[in-house]
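The primary structure of each chain is shown beneath.
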Amino acid sequence: MEGLSSTAILPDTLQGTRDDLSMQMGLIWGQIKAPLIVPLLRLAVVVCLTMSLMLFMERVYMGIVILLVKLFGRKPERRYKWEPIKDDVELGNSAYPMVLVQIPMYNEREVYQLSIGAACGLSWPSDRIIIQVLDDSTDPTIKDLVELECQRWASKGINIKYEIRDNRNGYKAGALKEGMKHSYVKHCDYVVIFDADFQPEPHFLWRTIPFLLHNPDLALVQARWKFVNADECLMTRMQEMSLDYHFTVEQEVGSSTYAFFGFNGTAGVWRIAALNEAGGWKDRTTVEDMDLAVRASLKGWKFLYLGSLKVKNELPSTLKAYRYQQHRWSCGPANLFRKMVMEIIKNKKVSTWKKVHVIYSFFVVRKLVAHIVTFIFYCVVLPATVLVPEVEVPKWGAVYIPSIITLLNAVGTPRSLHLLVFWILFENVMSLHRTKATFIGLLEAGRVNEWIVTEKLGDALKAKAAVKAPRKSRFRFGERLHVLELFVGAYLFFCGCYDVVFGKNHYFIYLYAQAIAFFIVGFGYVGTIIPNS
C-alpha cells in the first residue's frame with residue numbers, strides 16, 4: 001500500500017514543480033519586460049520603420065523615374081548616338097572593330113555546347129571576332145569534351161581559342177583576368193562576356209557595338225536576361241519576379257539617370273580601354289562584376305542598359321543552388337561596400353550627387369537595408385510585438401508601406417501577380433540567408449570569399465520535351481535539415497498561437513503562413529511544378 005501511495009503522490013509533486021517553474025518564469029519575464037524588453041523592442045521598431053521608409057521612398061522614386069521614361073520615350077537610341085556600321089570598300093572588314101568574346105567555364109557538362117555554339121553563331125565579320133573559352137574545369141573528362149567542342153568549331157573556320165590555367169585563383173575574376181593577358185587580345189577593342197548558360201542571339205553584336213563605337217564616353221552596354229526555365233517550378237517563378245524587377249526598374253533607372261548600374265557579370269560588352277583604366281578584374285570580393293562597374297564609374301565612364309535586347313539563360317532550379325547564389329550575391333556587395341566606401345567619398349572625378357546615388361541608393365538601400373529590414377522587421381520584430389502588447393507597430397508601417405513596396409516590386413512580372421502571396425513568403429524566407437550573408441560581408445567573417453559555381457542543368461535542351469510531357473507536382477525533402485529556418489518557423493508559429501489565444505494584433509494568419517514557409521524550406525523543399533500561365 002505504501003508503494004501505491006508513493007506512486008499516487010508522484011504526479012502531484014511533478015505538477016506542483018511545473019507550476020512553480022511556470023510561476024518563476026512568469027515572475028522573471030515580468031521583472032525584465034518593462035525595464036528591458038519593452039524599450040529595446042520599441043527601439044527596434046523605430047529602426048525598422050526608418051529602414052522601411054528608406055526602402056519605400058527608394059521604390060517610389062524608381063517607380064516615378066520609370067513612369068517618366070515610358071511617358072517621354074527616353075529610349076537608348078534617343079539618348080545616345082546609334083547607327084549601323086557601314087561597309088567601307090577601301091577598308092573592308094577592318095572598318096569593323098575587333099571583338100573578343102569570353103566564356104568562363106567550370107565543369108559545365110550540361111551547357112558547354114549551348115554557350116559555345118551560341119557564341120560561335122554570333123553575326124560579325126569572321127576575321128574581326130575571337131571566341132575565347134576560359135575553362136577552369138577540374139574534371140578531366142569535361143575538359144576534354146570542351147576542348148573537342150572548340151576544335152570542332154575551329155574546323156569550321158571559327159576563330160576560337162581554348163584557354164586553361166594551372167589553378168583557379170580568383171575564380172571567375174581570375175580566369176577573365178588571365179584571359180586578357182594573351183597577346184591576341186591586344187588587337188581587340190571590345191570584350192563581350194557570357195556565362196556558360198547564356199545563349200545570345202546572332203544579332204547581339206550588331207545591337208550593342210554601335211553604341212560603344214559612336215559614344216566614346218560609354219564603357220559598358222548591358223543586355224537583359226531572359227529565363228528559359230522560368231516555368232519549371234514555383235521557386236523559379238519567384239526568382240523570375242525578383243530578377244524582372246531588377247532589370248525592368250533598377251537597371252533602367254540607373255541607366256536613365258546617372259548612367260550607372262551594377263554590371264550583371266554576363267551578357268554585357270565592355271570597352272577594353274575603360275576596363276583597363278579602371279584597373280581590370282579584381283578578385284577581392286565575390287562580385288567582381290560590381291567591383292569593376294563601381295571603379296569604372298568613379299573614373300567618369302558611363303553605362304547603358306538595353307532592356308529590349310534579351311539573352312537566354314537558366315535560373316537555379318534547386319534550393320541548394322539558389323541558396324549558394326544568393327549568399328554570393330548578398331555577401332559580395334556588402335563586402336565591396338566596406339572596401340570602397342571611403343574611395344567613393346574621396347573621389348574627385350564624379351559629382352556629389354552621383355556619389356550619393358552610389359553610396360545611398362545603390363549600396364545602402366538596395367544591398368543592405370532591403371535584405372536586413374525584410375528579415376529583422378517582418379520575421380523577428382513584428383512577431384515579437386505579439387508577445388509584448390505594450391509595443392505597437394502603426395498600421396502604416398505594418399500594412400500600408402509593405403503592401404505598396406510589394407505591388408511596386410510586382411510590376412516587372414505582370415503574369416505572376418496571382419503568385420504575389422507566395423512570392424512574399426518566399427522572399428521573407430530567403431531574406432534570412434541574405435541578411436546573414438550581408439553581415440558576413442560587412443564583418444568579413446569566415447564565408448566572405450566563398451565561391452560555389454551555380455549548378456546548371458541545361459533546361460534549354462529539354463524545352464521541347466517539357467512542353468509535350470505532362471507536368472506533375474514535385475515535392476521532396478532535402479538530404480539535411482536547415483536548422484535556422486526551422487528555428488525561425490517555430491518562433492513564428494509560437495507567436496501565431498500566442499496571438500490567437502492572448503493577442504490583440506491579429507497577425508496570426510500571416511504568422512502561420514510565414515511559419516509554414518520557413519518549415520517547408522527548413523525541411524529541404526525543392527519546388528512544385530506549376531502550369532504555364
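Residues numbered from 1 in each chain as written. Predicted model: local features only at pLDDT ≥ 70, side-chain atom pairs only at ≥ 80, totals over all residues. Heavy atoms only, no water.

### Details of the packing of helix 10 (residues 319–346) against helix 11 (residues 352–387)
Move 1: Contact geometry for helix 10 and helix 11: axes closest at 10 Å, N-to-C directions at 155°. Classified by the angle their axes make, helix 10 and helix 11 are roughly antiparallel. With respect to the hand of their crossing, helix 10 and helix 11 are arranged in left-handed fashion. Seen from helix 10, the contacting residues are Ser 330, Pro 333, Ala 334, Leu 336, Phe 337, Val 341, Ile 344, Ile 345 and Lys 346; seen from helix 11, they are Lys 355, Val 358, Ile 359, Phe 363, Val 364, Lys 367, Leu 368 and His 371.
Move 2: Residues belonging to the contact of helix 10 with helix 11 are distributed by class as follows: 12 nonpolar, 2 polar and 3 charged. (Axes fitted to C-alpha atoms, helices over the stretch in contact; angles between N-to-C directions. Helix = DSSP H or I, 4+ residues; strand = E, 2+ residues; numbered from the N terminus. Parallel < 35°, antiparallel > 145°, perpendicular 65-115°, else oblique. Left-handed = near helix turned anticlockwise from the far one by under 90°. Contact = heavy atoms within 4.5 Å. Nonpolar A, V, L, I, M, F, W, Y, C, P; charged D, E, K, R; others polar.)

### Quick word on the nonpolar core
Move 1: Counting 96 residues, the largest nonpolar core has Val 101, Ile 116, Phe 204, Trp 270 and Val 294 as the members making the most contacts within it.
Move 2: Counting residues per element, this core draws most heavily on strand 5 (residues 218–227), at 7 residues.
Move 3: Among all residues touching Ile 116, those that are not within four sequence positions of it are Ile 103, Met 105, Val 133, Val 146, Glu 149, Cys 150, Trp 153 and Ile 160.
Move 4: Listed in part, the 54 residues of the second largest apolar core include Phe 56, Leu 234, Val 388 and Val 391. (Core = buried A, V, L, I, M, F, W, Y, C linked by side-chain atoms within 4.5 Å. Buried < 20%, exposed > 50% of the residue type's maximum accessible area, 1.4 Å probe, protein only.)

### Side note on the side chain of Glu 58
Move 1: Within the element layout of this structure, Glu 58 appears in helix 1 (residues 2–71).
Move 2: Glu 58 gets classed as buried once you look at its relative accessible area, which sits at 4%.
Move 3: In contact with Glu 58, not counting residues within four places along its chain, are Tyr 360, Ser 361, Val 365 and Arg 366.

### Focus on the UniProt feature "transmembrane region" (unreviewed entry) in the protein
Move 1: Per the UniProt record, the feature "transmembrane region" (unreviewed entry) sits at residues 43–69, 368–388, 400–426, 481–501 and 507–530.
Move 2: Between the C-alpha atoms that bound residues 43–69 there is a distance of 39 Å. The span itself is 100% helix and 0% strand.
Move 3: The span residues 400–426 carries 63% helix and 0% strand; its end-to-end C-alpha distance comes to 20 Å. (UniProt positions renumbered as here; feature names shortened; annotations may be inferred.)

### Quick word on the packing of aromatic side chains
Move 1: Scanning the model with the defined rule gives 23 aromatic pairs in all.
Move 2: Aromatic pair Tyr 498 and Phe 502: ring centres 5.0 Å apart, planes at 50°, arrangement tilted.
Move 3: Residue classification places Tyr 498 among the partly exposed residues on the basis of a relative accessible area of 26%. (Phe/Tyr/Trp six-rings, centres within 6.5 Å; stacked < 30°, edge-to-face > 60°.)

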